[in-house]
Amino acid sequence: MARRIVLTSGKGGVGKTTVCAALGRALARKRKRTLLVDADFGLNNLDVALGMESRVVYDIHDVAEGRCGLSAALLTDDASGLKLLPSTRVDCGRLSKNVLASILARVDDDFDFVLIDCPAGIDEGFHRAVCAADEALVVTTPQPGAIRDADKVLTLLGTYRLHAVGVIVNRVRGDLVVEGRCLSADEIADVLGHPAMAYVPEDDAVAICGQTGAELSYAPSMRAMSMLADNLVDGGRKLYDCTDGYRGVFGRLKMFLRRQI
Ligand SMILES: Nc1ncnc2c1ncn2[C@@H]1O[C@H](COP(=O)(O)OP(=O)(O)O)[C@@H](O)[C@H]1O
Ligand SMILES: [Mg+2]
């Protein structure tokens, strides 16, 4: 039976889609049968994050309306083997939470992990995505507004019967943490009061790879995603040290140079 995990946040632009794509690829690389579902209707971009946007023929709306079977709508990422169920390109308010949940119930035996990319906000699209899941990962960044929205979302998630709810702190600037100018990922997870599942550093490779949908490789953020995949698979709690590289003589030199540009 597949583990259905929704990636949510409240605030937009904190990295849900980025994490969904990279985590999906990391799980697929670990030979886990992985399906990504773009539940961000209207403002969908998971296909873009995976570099698959030109290959979309059918989408979730076509499946819901019976214009094609589910397997016809699924796209395969050639490098990792993960599958994507693309979102509808029109804002599809008519696609109810029951319909999404029933589409996903059909693939329960075909996948180990189903990751659901949730829209920002806490309105209908949020509830539709959460209803289809049995676990949640709440993504935040160190910005106070993002932490506050993550807290609100965590409170809302408490009204659902979810097996597990974890926190991902994304875009952590290790240099600012070492200088004491920014909350550390540990402090943010403590404030939110839920288990930390991943700390992901701010990483230029994300922006560069995001332009083409290329897979992140050997980048610090990819190491963090791989640790997250391990945590999900084996129940561990390995967390990437985002301050790594900013300590000692060379770390201080790196911070000094970073301030000059
Ligand atoms: N760890 C990171 N380091 C650098 N940039 C990131 C990181 N995570 C996400 N981003 C960038 O942040 C922006 C928003 O990410 P996205 O995944 O679309 O957010 P959301 O799905 O929550 O709206 C994108 O431009 C993405 O490249
Ligand atoms: Mg998104």
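Since we're looking at a predicted model, the values are computed, not measured.

Draft legend 1. Summary view of the packing of helix H1 (residues 16-29) against helix H11 (residues 220-234). Direction vectors running N to C along H1 and H11 enclose 65 degrees, while the axes themselves pass 9 Å from each other. Seen along the crossing, H1 lies across H11 with a hand that is right-handed. Facing Val19, Ala22, Leu23, Ala26 and Leu27 of H1, the residues of H11 in contact are Met222, Met225, Ser226, Leu228, Ala229, Leu232 and Val233. Classifying every residue of the contact of H1 with H11 by side-chain character gives eleven nonpolar, one polar and no charged.

Draft legend 2. The pairing of strand S5 (residues 113-117), seen in detail. Among the five residues that make up S5, five are buried, leaving the element largely enclosed by the rest of the structure. Burial along S5 is two-sided: Phe113, Leu115 and Asp117 facing one way and Val114 and Ile116 facing the other are all buried. With five bridges connecting them, strand S1 (residues 3-8) and S5 associate as parallel partners. By the bridge assignment, Ile5 is partnered in S5 with Leu115. In this structure, strand S2 (residues 34-38) lies alongside S5, joined through five bridges in parallel fashion. Across the sheet, residue Val37 finds its bridge partner in S5, namely Ile116.

What counts and how
- Residues numbered from 1 in each chain as written.
- Chains lettered and ligands numbered in written order.
- Predicted model: local features only at pLDDT ≥ 70, side-chain atom pairs only at ≥ 80, totals over all residues.
- Heavy atoms only, no water.
- Axes fitted to C-alpha atoms, helices over the stretch in contact; angles between N-to-C directions.
- Helix = DSSP H or I, 4+ residues; strand = E, 2+ residues; numbered from the N terminus.
- Left-handed = near helix turned anticlockwise from the far one by under 90°.
- Contact = heavy atoms within 4.5 Å.
- Nonpolar A, V, L, I, M, F, W, Y, C, P; charged D, E, K, R; others polar.
- Buried < 20%, exposed > 50% of the residue type's maximum accessible area, 1.4 Å probe, protein only.
- Pairing = 2+ DSSP bridges.

The values reported here are purely geometric and, on their own, carry no functional implication.
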